[in-house]
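# Analysis of the macromolecular model
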Amino acid sequence: MSLDNLPVEWLKSSFAHLNDYRANNFNPLKNDETYYELYSVPIFPEGYPEILQAKEIGSSKQIVEKNDILLCKINPRINRVWQVSKHTDYLNIASSEWIVFRQGNVVPKLYRYYFQSLEFRNLLCANVSGVGGSLTRAQPKHVATYDLPVPPLAEQQEIVRQLDIMLAQVEQIKARLDAIPAILKKFRQSILADAVSGKLTEEWREKNAVISTKDLLQQIQAHKKEWVENNADHPESKRIKKRLKEFQPSQTGNALYPKTWHECCLEDIVLMIVDCHNKTAPYVESGIPLIRTSNIRDGKVRWEDLRFVDEPTYEYWSRRAKPESGDLIFTREAPMGEVCIIPDDQIFCLGQRTMLIKPIHELCIKNYLLLNILSEDRKSTRLNSSHANVSR
């Protein structure tokens, strides 16, 4: 609603000239048990005033009336405009952090809408006191000089009627848009479930000769055995060797999966799974990225709010196994079940509450592991008890 090209029937008038409100302060008494309807700034997001006894109110307030429009002085970049309603029979009072606008000969809701408009908010923010953020204040002396549009009364009512309809439609659209992420997440999980259960490739299997994954599991175990023989001094060598002795391949026949698939523990189809060094690493200004649980979401690395460590810290924190490109990092807490793949040519240090999964790349596709772990039924289980489907 620009004031530069108003219809000829409209007028302009200053905020001060239109405003009939005159300061009427209220000082609560400590022993007064009378209830009041209080419009405070902190309660504004709730959309309903506080009902308090005077003895519960800690400072002086201003008496307001139904249909008064309240503009918040504090940090005017936050769009806080409230129209006083008479929810109870108690006296209406408001925080002194509100600028009160009262005019009985206009449609109040029109000015509530106008004070919420971008044009007015920009004007309000252009003349503030304070150093920044929550310390800024709209200045009543400047607000008093702002011009306001004054349409004919009948047109005010029509403007409000149309705005009510259009803004209700906006809210309906917003509600639908807000629901889209949840719908997309559900759809994504449905696709992942089909992928890791074999439904997605059911037609492909009918057209292609597919052998049992028993041979693949044997190749993985042989590869791990050879790795242990060639890396006897590695910190994880004994654990891998022990796991090889305990390995018992499951049989096919699970009704949830194709007949050619086997089911086994995740640790049995990767080279190793290594826990992080469970202490907070000392940060430095720049260096090797430290991947914390907050840096892993929805299968990807979040580069925002990264922390860094120096080379000696990286070496010590990675002494059990160094994270390498193509490895997976899994969060075991805060929250559990997030996972990402280390990008090519990238060095990472594991943060607290994470685990390193090292695939055997020539025998197990890292992206399939990622999708398997991200599927809903996998995310709900702990890593040491989760299973992965092996397919060829």
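Residues numbered from 1 in each chain as written. Predicted model: local features only at pLDDT ≥ 70, side-chain atom pairs only at ≥ 80, totals over all residues. Heavy atoms only, no water.

Quick look at the state of the cysteines now. Counted according to the given criterion, the structure contains zero disulfides. Of the cysteine sulfurs around Cys265, a residue in no disulfide, the closest is that of Cys264, at 6.9 Å. The structure places no disulfide on Cys340, whose sulfur is separated from the nearest cysteine sulfur, that of Cys349, by 13 Å. (Disulfide = S-S within 2.5 Å.)

Let us look at the nonpolar core. Core analysis: the biggest nonpolar cluster contains 41 residues, and Leu266, Ile269, Leu328, Ile329 and Ile357 have the highest contact counts within it. Elements with a contribution of two residues or more to this core: helix H7 (214-230), strand S14 (270-275), strand S19 (328-331), strand S20 (339-341), strand S22 (354-359) and helix H10 (366-374). Not counting chain neighbours up to four residues away, the residues in contact with Ile329 comprise Ile291, Ile296, Glu338, Val339, Cys340, Ile342, Phe348, Leu350, Thr354, Met355 and Leu356. In terms of nonpolar packing, the next biggest core, distinct from the first, is built from 26 residues, Leu3, Leu110, Leu148 and Ile159 among them. (Core = buried A, V, L, I, M, F, W, Y, C linked by side-chain atoms within 4.5 Å. Buried < 20%, exposed > 50% of the residue type's maximum accessible area, 1.4 Å probe, protein only. Helix = DSSP H or I, 4+ residues; strand = E, 2+ residues; numbered from the N terminus. Contact = heavy atoms within 4.5 Å.)

Here we have five strands laid out as an open sheet, ordered S2-S5-S8-S3-S4, and mixed in their pairing. What marks the edges here is a single partner per strand, and that holds for strand S2 (25-26) and strand S4 (50-53). (Pairing = 2+ DSSP bridges.)

Turning to the side chain of Gln156, a few remarks are in order. Examined against the element boundaries, Gln156 turns out to sit in helix H5 (residues 153-197). The exposure class of Gln156 is buried, given its relative accessible area of 2%. When near neighbours in sequence (up to four residues on either side) are disregarded, Gln156 contacts Val106, Val107, Leu110, Tyr111, Val150 and Pro151.

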